[in-house]
Amino acid sequence: MRTCIAVLLLLFPQLALAGGLQLAAELPDVNYTNAAKVSAQRFVLVGVTWDRDEKNRPKMPHYELFDFQERKVIDVPVPLHQLPKAHTDTLGRTNPSATVVHHDGQVTSLTFNATKGYETVATYFCQYDHRTRQFSDLVLLGPKDNTRYFHDIGFDPTDTYLYYASAVNPAGNVLKDGYTSFELARIDLETRAIDWTMKVDFPKRDKPIKLVSGPKVFSPDGKKLALVEYNDKGNERSHPARPQQQVLVIDIPSKQVDSYPVPLTAYGTAFTPDNRYLLLGSNELGDVIRIDLEKKKIDAKTQGMKKVHRFVLTPSGKSFLVISNTQQISPKVIEVRRVSDLSLQTSIPMRMLFPGNDGVAAEAIVGLNGRMLMTPFVDEKGWPSRKGVRLYEVPDDVDSPEVAGSAGGDLKIAQGVVLGKQYADKHALRYVDYKVDPTATFAQFVVAPNGDVLLIGTLSGNTDSDYKPGRTKPVVARLDPTGKPRWQKVLVKKGFLDYEGGTVAATPDGGCVAQIVSYVHPGRPPVTRLVKLNAKGKVLWDHQFRGDGGPGTPLGDHFELLPDGSVLITGRYYDDVENKQKHDWKAVLDPNGKVVSEEASP
């Protein structure tokens, strides 16, 4: 099913629009193992392979970097086995491990831990120039002992500097008791000169708290750095943070630090492209705040989705995507909010970016100044797969409520379809995932005027390799607007041997009409059959047209609900088993299930 969806998206780009995001490429062969950006806009480390010596020992790594600009993976070999002897002597090992921290297309920047025995004693910086095939001198970034350790901050948005820190606690074991200050520094990625340092003291507390993990966030101009303190409900119960957890906004040129209180687990963090605002969002609480960095105050707050994973700004800076872990939260969407007031602009169903999946531990990597979004393929449980990525082009602004998969931009319909599919998947109801005409009144998943979701599917005991007639049952279900079931009805009928889904329509009286694909014999075409149910799921009437699937049996191709609750059916029938003598056929059923008109072409 997933492969089919992917092919449709590629063949018909209009199907790939998701809240303005356009599928640009689907790359099933790209590895995705602990993916991490290694330049501000262009390169992402997606994997590593090794050349091995005659004893099968790792010899030379080949780093696999995805290039946003070229939309392909490039091979970046770094001959660590050729490190100068002076380097290996300093590092204390003949085969030291390296961490890639930056790549610019010609030079790969690495960090190494120097060891004494089995203990790390320092961290060094080194570069490998692929043009000259030479390693640079080692640059000491900092020692490690009981009172300090190396903390990677990350590269700035201009790819000029790599920032890092020594996390320090002079009073005790920094790994056990936590750090109380950062000794920040940066190294120039061209000259390898350490040209800026400063000390940042964290708020004094009975028990120090750490920073949110992962790369730290810089303003687009590279002049501000946000250090966000981590706290969660569990920590707050056992060791309340007083003062409350903060974000420390560092003005790099002036070395001034401004602090602001932030919500728990503020995983969503982003500066706006004009460098004016800092946005933060809570994973546990769903709180979203905006800090005006010119006026130095929190000037906007709102309540959004919980389980926030990250924020993604659109290039214009007018809107931002809130990417959450929808394995653990509903609705199963990506929120799009306005920067101007944090209001909800629209929602993109998660399955539009992760086809076939609603509950996703979503990951996303942004490149090319926010114009390209990379998402990994995910498995049936919503976890990132080890292979496969999709690239989406991000528009300047998502400023419309139009969402692919919805009718006329109606978000209620889009989310209702998602809820219906979740219910069907959970209860093993088979359905076909195809694009529906937004004007259709009959569909597999329909949202009633009161927000209830109607759906039709098939329970089946068959598999691709094991089929027997009589193992299928048609099912119609009704859910409330939150996705909780109101009722489920199995609509088998004597005389029919097999079933294969159908469509359903919400009627003006609060009930529904189901069109059920019903077979007297699985080797023949189905019989046209419609069933009316009231709002509580009681069957009011069940009408089947003439025939048993053989010659003369009308086959409904299109079903339309009329304003008075009648159903207009258009289709065909054949006079012969070879389907050569075709007649166009049309009929109308009134709201009581009576045929009020029926006609056929000669």
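A tally of helices and strands in the protein yields five helices and 41 strands. The principal-axis extents of the C-alpha atoms in the protein amount to approximately 90 × 60 × 40 Å. Considering only intrachain contacts with a sequence separation of at least 6, the fraction spanning at least 24 residues in the protein is 47%. Carbon and sulfur atoms make up 50% of the accessible area of the protein, which amounts to about 28,000 Å² in all.

Now for the sheet that holds strand 25 (residues 333-338). An order of 23-24-25-26 is seen for the four strands of this open sheet, with the pairing classed as antiparallel. The open sheet has two edge strands, strand 23 (308-313) and strand 26 (344-349), and neither has a second partner. Strand-to-strand twist across the sheet, computed as the mean angle between neighbouring axes with direction ignored, equals 25°. Examined bridge by bridge, strand 24 (residues 319-324) and strand 25 share four bridges and lie antiparallel to one another. Bridge pairing in strand 25 places serine 319 opposite arginine 338.

Another point: the side chain of asparagine 231. Here asparagine 231 shows up in the loop between strand 16 (224-228) and helix 4 (233-238). With near-sequence residues (within four places) excluded, asparagine 231 lies in contact with Glu236, Ala241, Gln245, Leu264 and Thr265.

Two side chains that carry opposite charge are able to pair once their charged atoms sit near each other. One pass over the structure, following the stated rule, counts 29 salt bridges. Of the charged contacts, one joins aspartate 292 and arginine 276 as a salt bridge, the two residues approaching to 2.7 Å between their closest N and O atoms. Residue aspartate 292 is located in strand 21 (residues 287-292), and its partner arginine 276 is located in the loop between strand 19 (268-271) and strand 20 (277-281); the two are separated by 16 residues in the primary sequence. A salt bridge links aspartate 299 to arginine 290; the nearest nitrogen and oxygen atoms lie 2.7 Å apart. Several salt bridges converge on common partners, so that one network encompasses Arg276, Asp292 and Glu294.

Here we come to the layout of surface pockets. Over the atoms, a rolled probe matching the size of one water molecule traces out where space is still vacant. Roughly 1,800 Å³ of volume is contained in the largest pocket. Looking at the largest pocket, it is lined by 50 residues, and the ones nearest its centre are Lys37, Pro215, Lys216, Val217 and Arg310. At the level of secondary structure, the elements contributing two or more residues to the lining of the largest pocket comprise strand 2 (36-37), strand 6 (98-103), strand 11 (148-155), strand 15 (217-218), strand 16, strand 19, strand 23 and strand 27 (365-367). Taken together, the residues of the lining of the largest pocket sort by class into 31 nonpolar, 13 polar and six charged.

Now for the pairing of strand 34 (residues 498-506). Counting buried positions over the nine residues of strand 34 gives eight, a clear majority of the element. Here strand 34 runs beside strand 35 (residues 512-519); their pairing, made up of seven bridges, is antiparallel. Bridge pairing links threonine 503 to glutamine 515 in strand 35.

Where strand 23 lies against strand 24, five bridges are found, and the strand directions are antiparallel. The partner of valine 312 across the bridge, within strand 24, is leucine 321.

With an omega of 10°, the peptide bond running from arginine 242 to proline 243 counts as cis. Phi at arginine 133 is positive, roughly 60°, even though this residue is not glycine. When you line up the elements, arginine 133 lands in the loop between strand 8 (119-129) and strand 9 (134-135). Of the residues examined, arginine 133 reaches a relative accessible area of 65% and is grouped as exposed. Here lysine 255, not a glycine, exhibits a phi torsion of approximately 60°, which is positive. Judged by relative accessible area, lysine 255 falls into the partly exposed class, the value being 39%.

Quick look at the sheet that holds strand 27 now. The strands making up a sheet associate through backbone hydrogen bonding, with each pair oriented either parallel or antiparallel. Strand order in the open sheet formed by four strands is 1-29-28-27, with antiparallel pairing between adjacent strands. Edge positions in the sheet fall to strand 1 (22-31) and strand 27, since each of these pairs with one other strand and no more. The sheet shows a mean angle of 30° between the axes of neighbouring strands, taken without regard to direction. Where strand 1 and strand 29 (residues 384-393) come together, six bridges link them in antiparallel fashion. For alanine 25, the partnering residue across the bridge sits in strand 29 and is leucine 391.

This part takes up the side chain of threonine 375. Residue position: threonine 375 is located in strand 28 (residues 372-378). Take threonine 375: its relative accessible area is 2%, and that puts it in the buried class. Setting aside chain neighbours within four positions, we find threonine 375 in contact with Leu353, Phe354, Glu363, Ala364, Gly388, Val389, Arg390 and Tyr392.

Turning next to the packing of aromatic side chains. A full pass over the atoms with the stated rule returns 16 aromatic pairs. Measuring from centroid to centroid gives 5.2 Å for phenylalanine 182 and phenylalanine 202, while their planes differ by 80°, and the two rings are edge-to-face. Residue phenylalanine 182 is located in strand 13 (residues 181-188), and its partner phenylalanine 202 is located in the loop between strand 14 (194-201) and strand 15; the two are separated by 20 residues in the primary sequence. Ring centres of phenylalanine 442 and phenylalanine 559 lie 6.0 Å apart, and the angle between their planes is 50°; this geometry places the pair in the tilted category. Of the two residues, phenylalanine 442 sits in the loop between helix 5 (411-426) and strand 30 (445-447) while phenylalanine 559 sits in strand 38 (residues 555-561), which places them 117 residues apart along the sequence.

What counts and how
- Residues numbered from 1 in each chain as written.
- Predicted model: local features only at pLDDT ≥ 70, side-chain atom pairs only at ≥ 80, totals over all residues.
- Heavy atoms only, no water.
- Helix = DSSP H or I, 4+ residues; strand = E, 2+ residues; numbered from the N terminus.
- Contact = heavy atoms within 4.5 Å.
- Areas by Shrake-Rupley, 256 points an atom, 1.4 Å probe, with all protein chains shown as cover.
- Pairing = 2+ DSSP bridges.
- Axes fitted to C-alpha atoms, helices over the stretch in contact; angles between N-to-C directions.
- Salt bridge = Lys/Arg side-chain N within 4 Å of Asp/Glu carboxyl O.
- 1 Å grid on protein atoms, 1.4 Å probe; cavity = no way out; pocket = protein on both sides within 12 Å on 5 of 7 lines; lining within 4 Å.
- Points joined across faces, edges and corners; volume = space filled by probe spheres on them.
- Nonpolar A, V, L, I, M, F, W, Y, C, P; charged D, E, K, R; others polar.
- Buried < 20%, exposed > 50% of the residue type's maximum accessible area, 1.4 Å probe, protein only.
- Phe/Tyr/Trp six-rings, centres within 6.5 Å; stacked < 30°, edge-to-face > 60°.

Any functional reading would require information beyond the geometric quantities listed.
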